[in-house]
Amino acid sequence: MVPDRVLRAMHRPSPNIYEGELAEIAASVARDLKVIAGTKYSVAMYLSNGHGAWEAAAANTLAEGDTVLVLGTGRFGPAWGDLIRKLGVTVIDLDFGLRAPAEPNAVEEALRKDTDHKIKAVLTVQADTASSVRNDIPAISAAIQKTGHPALFMVDCICSFGCEPHQMDEWGVDVMVSACQKGMMTPTGVGFVFFNDSAKAIRDALPRVSSYWDWKPRSEPEQLYQYFCGTAATHHLFGLREALNMIQEEGFSNVLRRHHVIAQTVWAAIDAWGYGTEISHNISDPNARSWGVSAVRVGPHEGGQLRKWTEHVAGCTLGIGLGLADLDGPRGDDVFRIGHMGALNIPMIMGTLGTIDAGFKALGIAHGDGALEAASAQIATLAEAPSNVSGLTIGQAAE
C-alpha cells in the first residue's frame, strides 16, 4: 500500500532540480535511511528497482572472473546469483531449498574449504519475498567471521527493510541492498545500496567501475545531480521524505513491533485454517518466517482459484506463488501469498483475512474454523505494553 500522505507529497510540480529544497531533502533522506539500516557508513541511491540495486552492489565489489557464494533459500538469492553470473562472475550455489533458511554451519564449512580465498563475497537475503523465509543474518555473519575468511557479506533486505530489525554494522554486514517499495511505502523506482569501509576499499581497488552504477559520487555528492548520476528522482524523494516522516511520527520501534504483531496475526489465521486440512505455512518454523510476507500452501490449484475469487469478486489482490513452481516444491497455483508490510493497519489485515476466509467458503476449499477469532486475539496484543523489539530514532525532516 502507498499511503495517501505519500501520494499527496508526490503530487506537485517539479522544483529547481539543481539546488535548494531538493538538495536538502535528498540529504535528509540519505541520513534517515542509514538509521533504518543500522549503519554509520555510506548509502548510494539509484533510479532502479531492486534488481538495479543488486547490479550496483556487484559493480562496485566484483570483477569479471571473481567467485561468490550464494545462499539459496527461495527465489531471490538464486536470482541475484544469476544476475551476477551474467557479469562474468563465477557463482557457487549453496541451495537450502524453498522451505528452510540458510544453515550457518554449512556456510562456515564452505568457506573453510576455500583455502585460497577465491570466494570474494557471500550473498543472501534477509527475507525472501517468494518463499517468505527469514534468514538469521547475525548467525550467518558470525559463521563467516569464525572462519576468518575475508569475503564480503552482502545482504538483500528489499523485503525486510523497515519491516523488521536490521543492524548492518552490529551484525557485520558489509553491503546491504534495498528499495523504496514495501516497507518504505513509496512507489517502486529507487534502489539503495549501503556499504561500509571494507566494501568501499574493494571498490577503490577495482580496475573499472561502471560510471552509472559507481557508488562513490552518489554517496559523497558535491552537487545534487551526483546523488542520481543526473536528474534526481524528484517525486520519489518527496514521497520518501514523507514516508520517513510517518515512520518518525509512529516511532521506528513501534513500526517494527506493529509488523511483528501483524505477522503473528496472519500466522494465527493460517494455523486455524490449516487444522485438519491441506492448508499450511510454506515455512513451518515461526522463527524463520518473514515479518513482511507469508507464503501459504493449499491443495492442488486452490491457490489460483482463491486469488481469482478474492481479486475479481472482493477486490483484494493476493500474491502469486512466485518462483515456487519448482520440481521439488509446490506448483505455483498451489500457493498464495499475503503481504503484510509497510502501510498496514488493523482494518486492512482483518479485512484481508476475512476476504480469504470468505473465498475458502465460496469455493468450497476445506479449511479449519476460527481463523478470524484467532487473528482477533492476536491483534489485541497491540494494546498491551510495548514489546522488547528494539528500534532507532529517525531524524527530523529537513526544513
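Here is what the cut-offs are and how they apply
Residues numbered from 1 in each chain as written. Predicted model: local features only at pLDDT ≥ 70, side-chain atom pairs only at ≥ 80, totals over all residues. Heavy atoms only, no water. Helix = DSSP H or I, 4+ residues; strand = E, 2+ residues; numbered from the N terminus. Rg over C-alpha atoms; globule rule 2.2 N^0.38 Å. Contact = heavy atoms within 4.5 Å. Areas by Shrake-Rupley, 256 points an atom, 1.4 Å probe, with all protein chains shown as cover. Buried < 20%, exposed > 50% of the residue type's maximum accessible area, 1.4 Å probe, protein only. Pairing = 2+ DSSP bridges. Axes fitted to C-alpha atoms, helices over the stretch in contact; angles between N-to-C directions. Right-handed = clockwise from strand over helix to strand, strands pointing away. Phe/Tyr/Trp six-rings, centres within 6.5 Å; stacked < 30°, edge-to-face > 60°. 1 Å grid on protein atoms, 1.4 Å probe; cavity = no way out; pocket = protein on both sides within 12 Å on 5 of 7 lines; lining within 4 Å. Points joined across faces, edges and corners; volume = space filled by probe spheres on them. Parallel < 35°, antiparallel > 145°, perpendicular 65-115°, else oblique. Left-handed = near helix turned anticlockwise from the far one by under 90°. pLDDT = per-residue confidence, 0-100. Disulfide = S-S within 2.5 Å. Arc of directions from axis to C-beta.

Caption draft 1: Region of interest: the overall build of the protein chain. Summing up its helical and strand segments, the protein chain has 14 helices and 10 strands in all. Computed over C-alpha atoms, the radius of gyration of the protein chain comes to 21 Å, within 12% of the 21 Å expected from 2.2 N^0.38 for 399 residues, which places it in the range of a compact globule. Projecting the C-alpha coordinates of the protein chain onto the three principal axes gives extents of approximately 60 × 55 × 40 Å. When contacts within the protein chain are restricted to residue pairs at least 6 apart in sequence, those whose partners lie at least 24 apart make up 73%. Looking at the protein chain as shown, the accessible area adds up to about 16,600 Å², and 51% of this sits on carbon and sulfur atoms.

Caption draft 2: Main features of the environment of Leu33. For Leu33, the location among the structural elements is in helix H2 (residues 21-37). According to the relative accessible area criterion, Leu33 is buried, its value standing at 0%. Once the C-alpha coordinates of Leu33 and Ala44 are considered, the two residues, 11 residues apart in sequence, prove to be 10 Å apart. The contact partners of Leu33, leaving out residues within four places of it in the chain, are Met45, Phe161, Met184, Phe192 and Phe194.

Caption draft 3: A look at unusual backbone geometry. Its identity as a non-glycine residue notwithstanding, Ser132 has a phi of 70°, on the positive side. For Ser132, the location among the structural elements is in the loop between strand S4 (119-125) and helix H6 (137-147). Phi at Met185 takes a positive value of approximately 60°, unusual for a residue other than glycine. Relative to the helices and strands, Met185 is located in the loop between strand S6 (175-179) and strand S7 (190-195). Take Met185: its relative accessible area is 6%, and that puts it in the buried class.

Caption draft 4: View of the sheet that holds S4. Here we have seven strands laid out as an open sheet, ordered S1-S7-S6-S5-S4-S2-S3, and mixed in their pairing. On the outer flanks of this sheet lie strand S1 (42-47) and strand S3 (90-95), each paired with one strand and no other. Going from strand to strand, the sheet's axes swing by 20° on average, the running direction of each strand aside. Pairing analysis gives three bridges linking strand S5 (residues 152-156) to S6, with the strands arranged parallel. What sits directly across from Asp156, in S6, is Val177. Against the sheet, H6 contacts strand S2 (67-72), S4 and S5, and its axis sits at roughly 165° relative to S5.

Caption draft 5: Local environment of the pairing of S5. Within S5, five of the five residues are buried, leaving the element largely enclosed by the surrounding structure. Residues Leu152, Met154 and Asp156 of S5 are buried on one face, and the alternating residues Phe153 and Val155, pointing to the opposite face, are buried as well. A crossover connection joins S4 to the parallel S5 through H6; in handedness this β-α-β unit is right-handed.

Caption draft 6: Examining the packing of aromatic side chains more closely. Enumeration according to the criterion identifies 10 aromatic pairs in this entry. Ring centres 6.3 Å apart and planes at 55° place the aromatic pair Trp54 and Phe76 in the tilted group. With Trp54 in helix H3 (residues 50-59) and Phe76 in helix H4 (residues 76-85), the pair connects residues that are 22 residues apart, well separated along the chain. Residue Trp54 shares its accessibility class with Phe76, and that shared class is buried.

Caption draft 7: Looking closely at empty space enclosed by the protein. The full count for this structure, using the stated rule, is two cavities of 30 Å³ or more. One number sums up the size of the largest cavity: a volume of about 40 Å³. In terms of lining, the largest cavity is formed by Ser132, Trp267, His281, Asn282, Ile283, Arg289, Ser290, Val293, Ser294 and Ala295. Element by element, the count of residues in the lining of the largest cavity is highest for strand S9 (residues 293-297), at three residues.

Caption draft 8: Region of interest: the packing of helix H13 (residues 346-363) against helix H14 (residues 371-379). Running from N to C, H13 and H14 point in directions that differ by 165°, and their axes come no closer than 10 Å. On the basis of their axis angle, the class for H13 and H14 is roughly antiparallel. The interaxial crossing formed by H13 with H14 has right-handed handedness. Of the residues in H14, those touching H13 at Ile346, Ile349, Met350, Leu353, Gly354 and Asp357 are Ala371, Leu372, Ala375, Ser376 and Ile379.

Caption draft 9: Molecular detail of the confidence of the model for the protein chain. Taken as a whole, the protein chain shows an average pLDDT of 93; of its residues, 93% reach a score of 70 or greater. The low-confidence segment residues 385-392, where pLDDT is below 50, has 17 contacts with residues more than four positions distant or belonging to other chains.

Caption draft 10: Highlighting the state of the cysteines. With the rule as written, the count across this model stands at zero disulfides. Cys180 carries a free sulfur, and the closest cysteine sulfur to it, the one in Cys163, is 13 Å from it. With no disulfide of its own, Cys316 lies closest to Cys159 among cysteine sulfurs, the gap being 17 Å. Residue class for Cys316 comes out buried when judged on its relative accessible area of 14%.

Caption draft 11: Broad picture of helix H5 (residues 104-113). Burial in H5 covers these residues: Val107, Glu108, Ala110 and Leu111. Each buried residue of H5 sits inside an arc of 165° when the element is viewed along its axis, so together they form one side. Residues of H5 that are exposed and point over 90 degrees away from its buried face: Asn105 and Lys113. Here the buried face of H5 lies against S2, S3, S4 and H6.

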